[in-house]
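Commentary on secondary and tertiary structure
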Amino acid sequence: FAKNLGLYGERIGMLHVVCNSADEAKVVLSQLKMVVRPMYSSPPIHGALLVKKILGDPAKLAAWKKELSGMADRILEVRSLLRTGLEAKGTPGTWNHITDQIGMFSFTGLTPTQCERLISEHHIYLLKSGRISLAGLNKANIPYMIDCVDEVVRACP
């Protein structure tokens, strides 16, 4: 829940383990306690209380689901616009991986050299592995992104 509720610095979550027997469950629980105790012996409670407040109230839960759906739809739209724009421009390479992936981050398929050029020449910031956050893209700046990716792919094949 932490990521989807914007509680990045909080410890919100759950782990379930299905075992074949009660004895196996005792062994697994013992091992989990050894791993978890040093990290979570005194977790902050305010994140959990916020989650409870949102998930426990039907109106707040509905609003959260609507906002979450809106954000997910926006990211899907950005992925689609980026892919179709690169394909329409005839940018060398295949771009289906942009829409085949899910989430706020995308692997662009760009080489480290292409990424360096995108950063230094066009001020589009991404990891040299080609991983980029799509959250910063929108209908207004997608054309610039498409033009810049096209330029670096052609300049650094």
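Everything numeric here is computed off the predicted structure, so don't read it as measured data.

All right, on to the overall build of the chain then. The secondary structure content of the chain amounts to six helices and two strands. Beginning at the N terminus, the succession of helices and strands in the chain can be written as α-α-α-α-β-α-β-α. In the chain, buried positions account for 25% of the 157 residues. Of all intrachain contacts in the chain linking residues separated by at least 6 positions in sequence, the fraction that spans at least 24 positions is 61%. Only carbon and sulfur atoms are counted for the fraction: they give 61% of the accessible area of the chain, which is about 10,400 Å².

Formed by 21 residues in total, the largest nonpolar core has its most connected members in Leu-82, Leu-110, Leu-118 and Val-149. Per-element tally for this core: the top contributor is helix α6 (residues 142–155), with seven residues. Among all residues touching Leu-118, those that are not within four sequence positions of it are Leu-110, His-123, Ile-124, Leu-126, Cys-148, Val-149 and Val-152.

Taken as a whole and judged by the stated rule, the model has zero aromatic pairs. Across from the ring centre of Phe-105, 4.0 Å away, lies the NZ or CZ of Arg-131, which sits over that ring.

Attention now goes to helix α5 (residues 112–122). Looking only at α5, the buried set comprises Gln-114, Cys-115, Leu-118 and His-122. Projected down its long axis, α5 carries its buried residues within an arc of 105°, all on one side. On the buried face of α5, the contacting elements are α6.

On the secondary structure map, Pro-157 appears in the segment after α6. Along the primary structure Pro-157 and Leu-110 are separated by 47 residues, whereas in three dimensions their C-alpha atoms are 9.6 Å apart.

A word on the confidence of the model for the chain. If pLDDT is low for a region, its predicted coordinates should not be looked at in detail. Per-residue pLDDT for the chain has a mean of 90; in total, 88% of the residues score no lower than 70. Looking across the chain, the model is least confident in helix α2 (residues 46–55), with a mean pLDDT of 85, and most confident in α6, with 98.

Below, the discussion takes up empty space enclosed by the protein. Counting across every chain of the model gives one cavity of 30 Å³ or more. Within this model, the largest cavity holds a volume of roughly 40 Å³. What lines the largest cavity is simply Leu-82, Leu-86, Trp-95, Ile-98, Thr-108, Leu-110, Met-145 and Val-149. Secondary structure elements with two or more residues in the lining of the largest cavity: α3 (58–89) and α6. Across the lining of the largest cavity, the residue classes tally to seven nonpolar, one polar and no charged.

Conventions used here
- Residues numbered from 1 in each chain as written.
- Predicted model: local features only at pLDDT ≥ 70, side-chain atom pairs only at ≥ 80, totals over all residues.
- Heavy atoms only, no water.
- Helix = DSSP H or I, 4+ residues; strand = E, 2+ residues; numbered from the N terminus.
- Buried < 20%, exposed > 50% of the residue type's maximum accessible area, 1.4 Å probe, protein only.
- Contact = heavy atoms within 4.5 Å.
- Areas by Shrake-Rupley, 256 points an atom, 1.4 Å probe, with all protein chains shown as cover.
- Core = buried A, V, L, I, M, F, W, Y, C linked by side-chain atoms within 4.5 Å.
- Phe/Tyr/Trp six-rings, centres within 6.5 Å; stacked < 30°, edge-to-face > 60°.
- Lys NZ or Arg CZ within 6 Å of the ring centre and 35° of its normal.
- Arc of directions from axis to C-beta.
- pLDDT = per-residue confidence, 0-100.
- 1 Å grid on protein atoms, 1.4 Å probe; cavity = no way out; pocket = protein on both sides within 12 Å on 5 of 7 lines; lining within 4 Å.
- Points joined across faces, edges and corners; volume = space filled by probe spheres on them.
- Nonpolar A, V, L, I, M, F, W, Y, C, P; charged D, E, K, R; others polar.

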